[in-house]
Amino acid sequence: MKKTVIGILLLLFLIVISFNVFQYWKSNSHSEIVSGLKGSIYYTERVDGVLTLFKSDATLQNKILLYSHKGKGKDSYGGHNDNIIDFNYDKTSQTIYFIAMNKGSWSLFSLKEGDVQPILLREEDMLTKTDYIQNQFDHLSVSSRQGSIYSKENKKEKIIKKFYGIYDGKFTGYGPIGFSPDGKYLVYYSMEHLTPFGTLLEGIFKNKVGNMYIMDLSTMKSTKYLDASQIQWIID
């Protein structure tokens, strides 16, 4: 009985690994999409478990660490929360505004691009303006239903990314993140697995599931994009 259970688990593990190899090949088969992107992106990415602020070309070249709050977010419980939970880059003043912990309170900071030390402005727990990429561009919008992504334009809806598998809102399917500023590309998230079991199993072994993708809406081809949380995309 014990050998049978171990055998089943090994088989399932091999299925997950094989699926990941297929996903890796598929996600990199249209990598030329990224090389044609324009503009710059500002985003938060986890570094050692902490949401940290970065800037990069939209092609993911010339990645720059803008600011890390690590070791500075002392909370009111005697611990630390060093995450940057909200941010906004103001193009006119070339200044980044962000929310991070300061002596037990969420607070608003400003950081002039190119500077190292931010300025504490006041206590605040969220920004009223963020300019993260949105799931609507002019008359075009996207939404997710049963794990598939649908676009709607002039009241006409069509499916642009079909999910084939057992849908579960927490463990499977695709979810739109937002359009590029010119509306030509869509960033979306994929849980990468056809069943909740595959997602759970990968989470156990890798402690991370899912990936971000970008789709060229003129060809409907996709490729893997950056592993980020909030994204602000600016085209000059």
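The structure this text deals with has already been given above.
The following paragraphs examine the structure supplied in this document. (Residues numbered from 1 in each chain as written. Predicted model: local features only at pLDDT ≥ 70, side-chain atom pairs only at ≥ 80, totals over all residues. Heavy atoms only, no water.)

### Looking at the packing of aromatic side chains
- One pass over the structure, following the stated rule, counts ten aromatic pairs.
- Relative to tyrosine 167, the ring of phenylalanine 163 has its centre 6.5 Å away and its plane inclined at 70°; by these criteria the two rings are edge-to-face.
- Of the residues examined, tyrosine 167 reaches a relative accessible area of 35% and is grouped as partly exposed.
- Between the aromatic rings of tyrosine 174 and tyrosine 188, the centroid separation amounts to 5.9 Å while the plane-to-plane angle is 85°, which identifies the pairing as edge-to-face. (Phe/Tyr/Trp six-rings, centres within 6.5 Å; stacked < 30°, edge-to-face > 60°. Buried < 20%, exposed > 50% of the residue type's maximum accessible area, 1.4 Å probe, protein only.)

### Let's talk about the nonpolar core
- Leu37, Ile41, Val187, Ile214, Tyr225, Ile231 and Trp233 are the most contacted members of the largest nonpolar core, which has 17 residues in total.
- Counting residues per element, the ones that place at least two in this core are helix H2 (32-35), strand E1 (40-47), strand E13 (185-190), strand E14 (211-216) and strand E16 (231-234).
- Contact partners of isoleucine 41, with chain neighbours within four places excluded, come to Phe54, Lys55, Ser56, Asp57, Ala58, Leu60, Tyr225, Leu226, Ile231, Gln232 and Trp233.
- One finds Phe87, Phe98, Tyr132 and Ile234 within the second-largest nonpolar core, a separate group that totals 14 residues. (Core = buried A, V, L, I, M, F, W, Y, C linked by side-chain atoms within 4.5 Å. Helix = DSSP H or I, 4+ residues; strand = E, 2+ residues; numbered from the N terminus. Contact = heavy atoms within 4.5 Å.)

### Looking at the pairing of strand E6 (residues 105-112)
- Counting buried positions along E6 yields six of eight residues, so the element is predominantly enclosed.
- As defined by bridge partners, strand E5 (residues 95-102) adjoins E6 across eight bridges and the pair is classed as antiparallel. Looking at E6, one finds that alanine 100 is bridged to serine 107.
- Pairing analysis gives four bridges linking E6 to strand E7 (residues 119-123), with the strands arranged antiparallel. Bridged to phenylalanine 109 within E7 is leucine 120.
- Between the antiparallel neighbours E6 and E7 lie six residues, among them glycine 114 with a positive phi of about 105°. (Pairing = 2+ DSSP bridges.)

### Quick word on the pattern of salt bridges
- Tallying each qualifying case throughout the model produces five salt bridges.
- Lysine 63 is the salt-bridge partner of glutamate 45, the closest N and O atoms lying 3.0 Å from each other. Separated by 18 residues along the polypeptide, glutamate 45 in strand E1 and lysine 63 in the loop between strand E2 (50-57) and strand E3 (64-67) bring together distant segments of the chain.
- Glutamate 45 sits in the buried class, given a relative accessible area of 16%.
- Glutamate 124 is paired through a salt bridge with arginine 122; the nearest N and O atoms lie 2.7 Å apart.
- For arginine 122, a relative accessible area of 46% puts it in the partly exposed group. (Salt bridge = Lys/Arg side-chain N within 4 Å of Asp/Glu carboxyl O.)

### Remarks on the sheet that holds strand E11 (residues 156-161)
- Read across the sheet, four strands follow the order E8-E9-E10-E11 without closing on themselves; strand pairing throughout is antiparallel. Lying at the two open borders of the sheet, with one neighbouring strand each, are strand E8 (136-137) and E11.
- Both E8 and strand E9 (residues 140-145) contribute to a ladder of two bridges, which runs antiparallel. What sits directly across from phenylalanine 137, in E9, is leucine 140.

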